[in-house]
Amino acid sequence: LLSWMHVSKDLWYGLSPGQQDAIRRAAREAVRESYEATESIQCQRLTSMLDINDGIHQLNRDGSVRRKSGVPASARMTMTRWPEEDLKELRASTAVYLDSRAKASEAFAS
């Protein structure tokens, strides 16, 4: 949703301070609107993903309903933060993978 506007320096410095300010304000507003629209769509999609199992219970391997303290266990998805130790491992593994790709391909590295 973001867009770009390219203006040569000669043209930019030929604009009055008021014109430059108007362009800056319009750019800030466009970025804000773009982020709001993207966030709104992402929130809707995330809610749809999280709600997909509403009203559904977890199942055991044999197909029977899994119970916790005698109550059917919900299959509803929830968001949670990954443990820091796991995040460290994921970051390290990602760095190793990206380094290997960069070494294998000049195009990837640039």
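Just above sits the structure.
What counts, and at which threshold
Residues numbered from 1 in each chain as written. Predicted model: local features only at pLDDT ≥ 70, side-chain atom pairs only at ≥ 80, totals over all residues. Heavy atoms only, no water. Helix = DSSP H or I, 4+ residues; strand = E, 2+ residues; numbered from the N terminus. Rg over C-alpha atoms; globule rule 2.2 N^0.38 Å. Buried < 20%, exposed > 50% of the residue type's maximum accessible area, 1.4 Å probe, protein only. Areas by Shrake-Rupley, 256 points an atom, 1.4 Å probe, with all protein chains shown as cover. Lys, Arg positive; Asp, Glu negative; His and termini not counted. Charge placed at Lys NZ, Arg CZ, Asp CG, Glu CD. Expected span 1.5 Å × (residues − 1). Salt bridge = Lys/Arg side-chain N within 4 Å of Asp/Glu carboxyl O. Patch = residues over 30% accessible without salt bridge, like charges linked within 9 Å, V, L, I, M, F, W, Y side chains within 5 Å. Contact = heavy atoms within 4.5 Å.

Visitor: What is the right way to read the overall build of the protein from this model?
Guide: Along the protein, the regular secondary structure elements total four helices and two strands. Each helix and strand of the protein, placed in order from N terminus to C terminus, yields the pattern α-α-β-β-α-α. For the protein, whose C-alpha radius of gyration is 25 Å, the value lies well above the compact-globule estimate of 13 Å for 110 residues. Its C-alpha atoms give the protein principal-axis dimensions of about 75 × 40 × 25 Å. Here the protein holds 110 residues, and the buried ones make up 6% of them. Carbon and sulfur atoms provide 56% of the accessible area of the protein, an area that totals close to 9800 Å². Each charge class in the protein can be summarised by its mean position, and for the 16 positive and 15 negative side chains these summaries are 3 Å apart.

Visitor: Is there a simple way to explain helix 2 (residues 17-51) in this structure?
Guide: In an α-helix there are 3.6 residues to a turn, and that puts residues three or four apart on one side. If you check helix 2, its first and last C-alpha atoms are 50 Å apart, about what 35 residues at 1.5 Å a residue would give, namely 51 Å. All buried positions along helix 2 are accounted for by Gln-20, Ser-34 and Leu-50.

Visitor: Honestly, the pattern of salt bridges in this entry has me stumped. Any pointers?
Guide: Two side chains carrying opposite charge are able to pair once their charged atoms lie near each other. Per the counting criterion, the structure on display carries seven salt bridges. A salt bridge links Arg-24 to Asp-21; its shortest N-O distance comes to 3.2 Å. In this pair, Arg-24 and Asp-21 both sit in helix 2, three residues apart, roughly one turn of the helix. The exposure class assigned to Asp-21 is partly exposed, which follows from its relative accessible area of 36%. The residue Arg-76 makes a salt bridge to Asp-54 at a minimum N-O spacing of 2.7 Å.

Visitor: Help me understand a nonpolar patch on the surface, please; the structure alone is not making it clear to me.
Guide: A contiguous nonpolar surface patch, about 310 Å² in accessible area, is contributed by Leu-46, Met-49 and Met-79. Within the secondary structure layout, Met-79 lies in the loop between strand 2 (71-72) and helix 3 (84-104). When its relative accessible area of 57% is taken as the criterion, Met-79 is described as exposed.

Visitor: Which parts of the structure should I look at to understand the side chain of Gln-20?
Guide: Counting through the fold element by element, Gln-20 comes out in helix 2. Given the relative accessible area of 12%, Gln-20 is considered buried. If near-sequence neighbours (up to four positions away) are discounted, Gln-20 is found in contact with Trp-12, Tyr-13 and Leu-15.

Visitor: Is there a simple way to think about unusual backbone geometry in this case?
Guide: Both trends apply: most residues other than glycine have a negative phi, and most peptide bonds are in trans. In this structure, Ser-69 is a non-glycine residue whose phi angle is positive, near 55°. Given the relative accessible area of 80%, Ser-69 is considered exposed.

Visitor: What am I meant to see in the environment of Asn-60 here?
Guide: Residue position: Asn-60 is located in the loop between helix 2 and strand 1 (67-68). Setting aside anything within four residues of it in sequence, one finds Asn-60 in contact with Val-65 and Arg-66.

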